[in-house]
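Descriptive analysis of the structure
As a plain string of letters, each chain reads:
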Amino acid sequence: MRITGISTHVVGTPWRNLTYVQVHTDEGITGVGETRMLGRTDALLGYLREAETNHLAGSDPFAVEDLVRRMKYGDYGRAGEIVMSGIACVEMACWDIKGKALGVPVWQLLGGKVTDRVKAYANGWYTVERTPEAFHKAASTVVERGYRALKLDPFGTGHFELDHAETLHSLSLVEAVRDAIGPETELLVEMHGRFSPATAVRIAGELERFHPSWLEEPVPPENLKALAKVAEKTRLPIATGERIHDRIEFRELFESQAADIIQPDVGHIGGIGEARKLAATAETHYVLIAPHNVGGSVLTAASLQLAGCTPNFKILEHFNDFADAEIKKVVKGAPQVVDGYFQLSHEPGLGVELDIEAAAEFPQQQAHFDLWAEGWEKRDPKGGRQ
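Here is what the cut-offs are and how they apply
- Residues numbered from 1 in each chain as written.
- Predicted model: local features only at pLDDT ≥ 70, side-chain atom pairs only at ≥ 80, totals over all residues.
- Heavy atoms only, no water.
- Helix = DSSP H or I, 4+ residues; strand = E, 2+ residues; numbered from the N terminus.
- Rg over C-alpha atoms; globule rule 2.2 N^0.38 Å.
- Buried < 20%, exposed > 50% of the residue type's maximum accessible area, 1.4 Å probe, protein only.
- Contact = heavy atoms within 4.5 Å.
- Areas by Shrake-Rupley, 256 points an atom, 1.4 Å probe, with all protein chains shown as cover.
- Expected span 1.5 Å × (residues − 1).
- UniProt positions renumbered as here; feature names shortened; annotations may be inferred.
- Disulfide = S-S within 2.5 Å.
- Axes fitted to C-alpha atoms, helices over the stretch in contact; angles between N-to-C directions.
- Parallel < 35°, antiparallel > 145°, perpendicular 65-115°, else oblique.
- Left-handed = near helix turned anticlockwise from the far one by under 90°.
- Nonpolar A, V, L, I, M, F, W, Y, C, P; charged D, E, K, R; others polar.
- Salt bridge = Lys/Arg side-chain N within 4 Å of Asp/Glu carboxyl O.

1. Digging into the overall build of the chain
When helices and strands are counted, the chain shows 13 helices and 15 strands. For the chain, whose C-alpha radius of gyration is 20 Å, the value lies close to the compact-globule estimate of 21 Å for 386 residues. If you line up the chain on its principal axes, its C-alpha atoms span 60 × 45 × 40 Å. Per-residue burial for the chain yields a buried fraction of 60% across its 386 residues. In the chain, of all internal contacts separated by at least 6 residues, the share reaching a separation of at least 24 is 72%. Of the roughly 15700 Å² of accessible surface on the chain, 49% is carried by carbon and sulfur atoms.

Take a look at the structure:
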């Protein structure tokens, strides 16, 4: 079997473009992969056009390791977010092809399952007015949908510091959400790398009474010593890693012991196999994995293949029941959350198929998402521009 070429399809919404890559073979089996790029979709498409000629055409889709190695190192320049995301899309599609050809799900090819179901947490649900009342009502809706975990960033446009009034307001939002979901539902607090270590530590102390399951990206991701400083001064578990695009770059994070949960994005870190290797390394450091997952249903399906065979897998993020829920129709067999969990698919490959006609209903947009703009949580770029 040989790869004959690829085709790309961009599903657009005002705040995110989802890039789907189909890998075609001479035996008629087609695989699909997906990633979500912020502000770099055209650059990704350009890279994939070159990679099709330089690396993909004529390659064996079963030789996933070799293909990833050649795409990552064969152009000599250091692979960053765009290249690793392109690799991820192709890599997922090759696993999909391999699973379909052999008649087994991808998790079976990666060591077999360790679980039948995967806990989900909701994100993208708080596209409402930034008031305790609105957040309480929105959080209640999440629980009514059966979710047993949710995440929020309550900190507005906070950057490095957060003044006293804004701190009180942010805490009031968290308090409203905890009241709405009760004590048993997991509450995950996102900081999006907003704060200085001192501010993050101060806020973490205030958050402890709400018993969050983790504090995510409390400081910008570039300085791991700053993250370690926060970790040393809070009892809350620290989660980070969505903006690291090469598993090798996690080495320093593990050595620092600054993170309790890592959050690689399967669509940015080179795909399922690279994420599985990273998860195994995390396990040797007693660290859990909870992938960042802001894509559509193919990326969710790929992340679930990883979850099925990974002993230290904690939980999976899910946007698509609340933000742009209509895009789920572009993927046949899209994973669904039932009573707070995804059920592991036993279908061959990734267990999903891209519906090209449905995808065409959502053309690429000039998507923009600015976490520093007022009203960003509503995910309305026009409303968030100053």
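Okay, back to it.
2. Some words on helix 3 (residues 81–102)
In an α-helix there are 3.6 residues to a turn, and that puts residues three or four apart on one side. Its 22 residues give helix 3 an end-to-end C-alpha distance of 31 Å, which sits within 8% of 32 Å, the value for a rise of 1.5 Å per residue. Gly103 sits one or two residues past helix 3 and shows a positive phi near 75 degrees.

3. Looking at the UniProt feature "domain: Mandelate racemase/muconate lactonizing enzyme C-terminal" (unreviewed entry) in the chain
Per the UniProt annotation, the sites labelled "domain: Mandelate racemase/muconate lactonizing enzyme C-terminal" (unreviewed entry) are residues 132–237. Between the end C-alpha atoms of residues 132–237 there is a gap of 25 Å, over a span that is 48% helix and 11% strand.

4. Topic: the state of the cysteines
In a disulfide, the sulfur atoms of two cysteines are covalently bonded to one another. Evaluation of the coordinates by the stated rule reveals zero disulfides. Summary of cysteine pairing: Cys89 is not part of a disulfide, and the nearest cysteine sulfur, belonging to Cys94, is at 11 Å. Given the relative accessible area of 0%, Cys89 is considered buried. Relative accessible area serves as the criterion here: at 1%, Cys94 is assigned to the buried category.

5. Topic: the packing of helix 7 (residues 197–207) against helix 8 (residues 224–232)
Two elements in contact, helix 7 and helix 8, have axes whose closest approach is 9 Å; the angle formed by their N-to-C orientations is 25 degrees. In terms of orientation, helix 7 and helix 8 fall into the roughly parallel class. Our pair here, helix 7 against helix 8, has a crossing hand that is right-handed. In contact with Pro197, Ala200 and Val201 of helix 7, helix 8 contributes Ala226, Lys229 and Val230. When grouped by side-chain class, the residues that make up the contact of helix 7 with helix 8 number five nonpolar, no polar and one charged.

6. Concerning the pattern of salt bridges
If you walk through the whole model with that rule in mind, you get 27 salt bridges. In this structure, Lys328 engages Asp321 in a salt bridge whose closest nitrogen and oxygen atoms are separated by 2.6 Å. Comparing Lys328 with Asp321, the two get one shared label, buried. Connected through salt bridges with shared partners, the residues Glu65, Arg247, Glu274 and Lys277 form a single ionic network.

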